[in-house]
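What the coordinates show
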Amino acid sequence: MVDLWLKDAKIVPENRIISIGIEDGRIVSLKKIAPKREENINLRESVVLPGLIDAHVHFRDPGLTYKENFRTGTMAAAAGGFTTVIDMPNTIPPTNTVKAFKEKLKIADHKSLVDYSLHAGVGNLKEIESLFKLKPASFKLFMDLLDDAVLDEIFREIGKLNRENQKPLISLHCEDKDTVTISTQKLQSKGRYKPEKYADARPPHAETIAVSNALKLARKYKLAIHICHVSVKESLQLINEAKESGVNVTNEITPHHLFLDIKYLRKYGNLAKTNPPLRDPENKITLDLLNGVDIIGTDHAPHTITEKMEQNIWKAPPGIPNLETALPLFLTQINRRRITFAHLKTLLCENPASIFHLEGKGFIKEGMDADFVVVDMKEEGVINPDKFKSKAKYSPFKGISVKGMPVMTMVGGNLVADEGEILKNKGKYI
Ligand code: DOR
Ligand code: ZN
């Protein structure tokens, strides 16, 4: 006898109806028919996906918890169908010391409703080796904040790590510091305050220059790199050419860079401000490029509405909360036959699990963690930020019609979201 059966689940893309047996938080059995009289949840042939993995969230904990914390952030994750998240290091203090890393693990252990990993930052080079032993998902570097010489030094240092048991990975925010600084100063000195000017302050070539530099460094130090939130078509091309020539590189895109463009900066002003910025239709990435994409990360970057709206475009903080918009937006595209379930699983489950070495994640198979999201492909609605579990109740996707919604999320065999209700759970570090 097992702990629980998920009875009559539809597995996609096969469209097979199966029952999933769960014991001690793991999948132990996949059967055509669930045994009678054993505990079950009847899914009545709803589609079940492996729990989604978001390799790019900013939970602001510690230090900026007025924006979000590990509890509210993971409530948003559960509501959006995400069962594993990887938190970014730009908190206060930054997660770039052993002390800060352990502190954040403690916070997450207390507050997280879903499973989690952490990206480490890099401060003092001497701390890299001891941080690496705590098994961060990656070292995250913000190229818009670092000079080329410093970047080179960090790569060199990470390149020296002992790679026998564990391979280091560097995640990169690719925007060239000099280009961004110069373009921003130019616009500011001319007194430009229209929100769409923000896109000119961080132009497409700021990204492609940084991507080229990152690829050079990966080659030079024979290191694996992951390029976060690619926003420009040409960057994808550069990355995929490098990949073909043997560079160990993966890429990520966000829902906002895919589905929105510069028009939304005009429409929503600071609420649509994000780094890298939304792009013009000519440069932006589009659905037809999805075959060259490795993962979708939401870059869930919550701020308060006050700090977003009560300052000008240059001073308002960049970032969009996205954990509760991503899945409905992609399910809508599946309903429109623009993408497939198979592809969605690759981008939001399988590839993030393999890139960040998340054992037990990403697949519905015997032996894997019992992490699922059940979706209703017929449910229609509009994106409504008032309903977000995140503290950040704003979205440039507001009012967009969607068809296809997450209705139930399970982490390690425990229900954590059920028809909009969030239930208690203790996420684990993986
Ligand atoms: O828009 C952004 N927001 N881009 C980043 O790189 C940082 C993030 C944040 O932390 O708010
Ligand atoms: Zn980010």
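Anything mentioned here points back to the structure above.
The structure contained in this document is the topic of the report that follows.

Reading guide: rules and limits
- Numbers given to residues run from 1 along each chain, matching the order in which its sequence is written.
- Here chains are named by letter from A upward and ligands by number from 1 upward, in the order in which they appear as written.
- A pLDDT threshold of at least 70 governs which residues receive local features in this predicted model, and a stricter bar of 80 or more applies before side-chain atom pairs are shown or counted, although totals over entire chains, interfaces and linings include all residues.
- Hydrogens and waters are ignored; side-chain quantities use all the structure's heavy atoms.
- Only buried residues count toward a nonpolar core, which is a set of Ala, Val, Leu, Ile, Met, Phe, Trp, Tyr and Cys residues joined through side-chain atoms within 4.5 Å.
- Only protein chains enter the accessibility calculation, which uses a 1.4 Å probe; a residue is then buried when its area is under 20% of its type maximum, exposed when over 50%, and partly exposed in between.
- Segments assigned H or I by DSSP are reported as helices when at least four residues long, segments assigned E as strands when at least two residues long, and all are numbered from the N terminus.
- In what follows, residue pairs with any heavy atoms lying within 4.5 Å of each other are defined as contacts.
- The span one expects for a helix is its residue count, reduced by one, times 1.5 Å.
- Each residue is assigned a bend, namely the angle between axes fitted to the seven residues that terminate at it and the seven residues that start at it.
- Each metal site is built from N, O and S donor atoms within 2.8 Å (3.2 Å for Na, K and Ca), and since water is not included, such sites may look incomplete.
- For the purpose of counting charges, residues Lys and Arg are taken to be positive, whereas Asp and Glu are taken to be negative. His and the chain ends are not included.
- Salt bridges are counted wherever a side-chain nitrogen of Lys or Arg sits within 4 Å of a carboxyl oxygen of Asp or Glu.
- In these notes, residues near a molecule or strand are those with any non-hydrogen atom within 4 Å of it.
- N or O atoms closer than or at 3.5 Å make up a polar contact, with two conditions inside protein: a donor-capable atom paired with an acceptor-capable one, and, for residues adjacent in sequence, both atoms drawn from side chains.
- Throughout, the Shrake-Rupley method with a 1.4 Å probe supplies accessible areas, and for residues the shown protein chains are the sole cover considered.
- As defined here, a cavity is a set of points on a 1 Å grid over the protein atoms alone where a 1.4 Å probe fits but cannot get out. A pocket is an open set with protein on both sides within 12 Å along at least five of seven lines, and residues line them when an atom is within 4 Å of a point.
- The way we define it, a molecule is inside a pocket or cavity when more than half of its atoms are within 2 Å of that pocket's grid points.
- Only residues whose relative accessible area exceeds 30% and that form no salt bridge are eligible for patches; like-charged ones are grouped when within 9 Å, while nonpolar side chains (Val, Leu, Ile, Met, Phe, Trp, Tyr) are grouped when within 5 Å.
- By convention, the point assigned to a charge is CZ for Arg, NZ for Lys, CD for Glu and CG for Asp.
- Grid points are joined across faces, edges and corners, and a volume is the space filled by probe spheres set on the points.
- We call Asp, Glu, Lys and Arg charged. Ala, Val, Leu, Ile, Met, Phe, Trp, Tyr, Cys and Pro are nonpolar, and the rest, Gly among them, are polar.

1. A word on the nonpolar core
Residues Phe-139, Leu-141, Phe-155, Leu-172, Ile-225, Ile-227 and Leu-344 are the most contacted members of the largest nonpolar core, which totals 103 residues. The element contributing the most residues to this core is helix α7 (residues 204-221), with seven residues. In this structure Leu-344 touches Leu-49, Leu-327, Phe-330, Leu-331, Ile-334, Ile-339 and Cys-349, once residues within four positions along its chain are discounted. Judged by nonpolar contacts, the second largest core, of 19 residues, contains Leu-4, Leu-6, Ala-9 and Met-408.

2. What to know about the side chain of Thr-274
Along the chain, Thr-274 falls in the loop between α10 (263-268) and β13 (295-296). Thr-274 sits in the buried class, given a relative accessible area of 3%. Setting aside its immediate chain neighbours within four residues, Thr-274 contacts Tyr-198, His-256, His-257, Pro-318, Gly-319 and Ile-320.

3. Notes on helix α13 (residues 341-355)
Along its 15 residues, α13 runs 20 Å from first to last C-alpha, staying within 8% of the 21 Å computed at 1.5 Å per residue. The largest bend in α13 comes to about 40°, at Leu-347. For α13, the tally of buried residues reaches eleven of 15 residues, placing the bulk of the element in the interior. Listed in full, the buried residues belonging to α13 are Phe-341, His-343, Leu-344, Lys-345, Leu-347, Leu-348, Cys-349, Glu-350, Pro-352, Ala-353 and Ile-355. His-357 sits one or two residues past α13 and shows a positive phi near 55°.

4. Considerations on unusual backbone geometry
Following Val-12, the chain continues into Pro-13 via a peptide bond in cis, with omega recorded as 5°. Counting through the fold element by element, Pro-13 comes out in the loop between β1 (4-11) and β2 (16-23). Cis geometry marks the peptide bond from Asn-275 to Pro-276; its omega dihedral reads -10°. With respect to the helices and strands, the residue Pro-276 is situated in the loop between α10 and β13. Phi is positive for Arg-37, close to 65°, though the residue is something other than glycine. Note on placement: Arg-37 falls in the loop between β3 (26-31) and β4 (40-42).

5. Some thoughts on the coordination of the zinc ion (ligand 2)
Coordination of the zinc ion (ligand 2) by the protein involves His-56 (NE2), His-58 (NE2) and Asp-299 (OD), with metal-donor separations of 2.0 to 2.3 Å. Counting the intervening residues between successive donors of the zinc ion (ligand 2) yields the motif H-x1-H-x240-D. With His-58 in the loop between β6 (52-57) and α1 (70-79) and Asp-299 in the loop between β13 and α11 (305-309), this residue pair connects regions lying 241 residues apart in the sequence.

6. Digging into the side chain of Lys-273
As for its placement among the helices and strands, Lys-273 is situated in the loop between α10 and β13. Buried and unpaired, Lys-273 has no salt bridge, with Asp-144 as the nearest side chain of opposite charge at 10 Å.

7. A closer look at the site of ligand 1
Taken together, His-58, Arg-60, Asn-90, Phe-142, His-173, Thr-274, Asn-275, Ala-301, His-303, Pro-318 and Gly-319 make up the full set of residues adjacent to ligand 1. Within the backbone of Pro-318, a nitrogen or oxygen atom sits 3.0 Å from an oxygen atom of ligand 1. Between Gly-319 and ligand 1, the recorded distance is 3.4 Å, taken from a backbone N or O atom to an oxygen atom. Coverage of ligand 1 by the protein chains reaches 93% of its 290 Å² of free accessible surface. In a pocket analysis with a 2 Å cut-off to the grid points, ligand 1 is assigned to the largest pocket.

8. A short note on a positive patch on the surface
A contiguous patch of positive charge on the surface is contributed by Lys-186, Lys-190, Arg-192 and Lys-194. In this structure, Arg-192 sits in the loop between α5 (177-189) and α6 (197-201).

9. Quick word on the layout of surface pockets
Looking at the largest pocket, its volume works out to about 750 Å³. For the largest pocket, the lining is made up of 34 residues, of which Asn-90, Phe-142, Asp-144, Leu-145 and Asn-275 are closest to its centre. The set of elements that each furnish at least two residues to the lining of the largest pocket consists of β9 (138-142) and α5. Here the lining of the largest pocket takes five residues from α5, the largest share from any one element. Residues belonging to the lining of the largest pocket are distributed by class as follows: 13 nonpolar, 14 polar and seven charged.

10. Some remarks on empty space enclosed by the protein
Tallying each qualifying case throughout the model produces one cavity of 30 Å³ or more. In this structure, the largest cavity spans a volume of roughly 50 Å³. A breakdown of the residues in the lining of the largest cavity according to their chemical character gives three nonpolar, five polar and three charged.

11. Here's the deal with the pattern of salt bridges
If you walk through the whole model with that rule in mind, you get 21 salt bridges. Note that Asp-61 is salt-bridged to Lys-111, the shortest N-O span being 2.8 Å. With Asp-61 in the loop between β6 and α1 and Lys-111 in helix α2 (residues 98-111), this residue pair connects regions lying 50 residues apart in the sequence. For Asp-61, a relative accessible area of 3% corresponds to the buried category. The closest approach of N and O atoms between Asp-369 and Lys-428, which form a salt bridge, is 3.1 Å. Of this pair, Asp-369 sits in the loop between α13 and β14 (372-382) while Lys-428 sits in the segment after β17 (421-422); the two residues are 59 residues apart in sequence, bridging distant segments of the chain. The exposure class of Lys-428 is partly exposed, given its relative accessible area of 39%.

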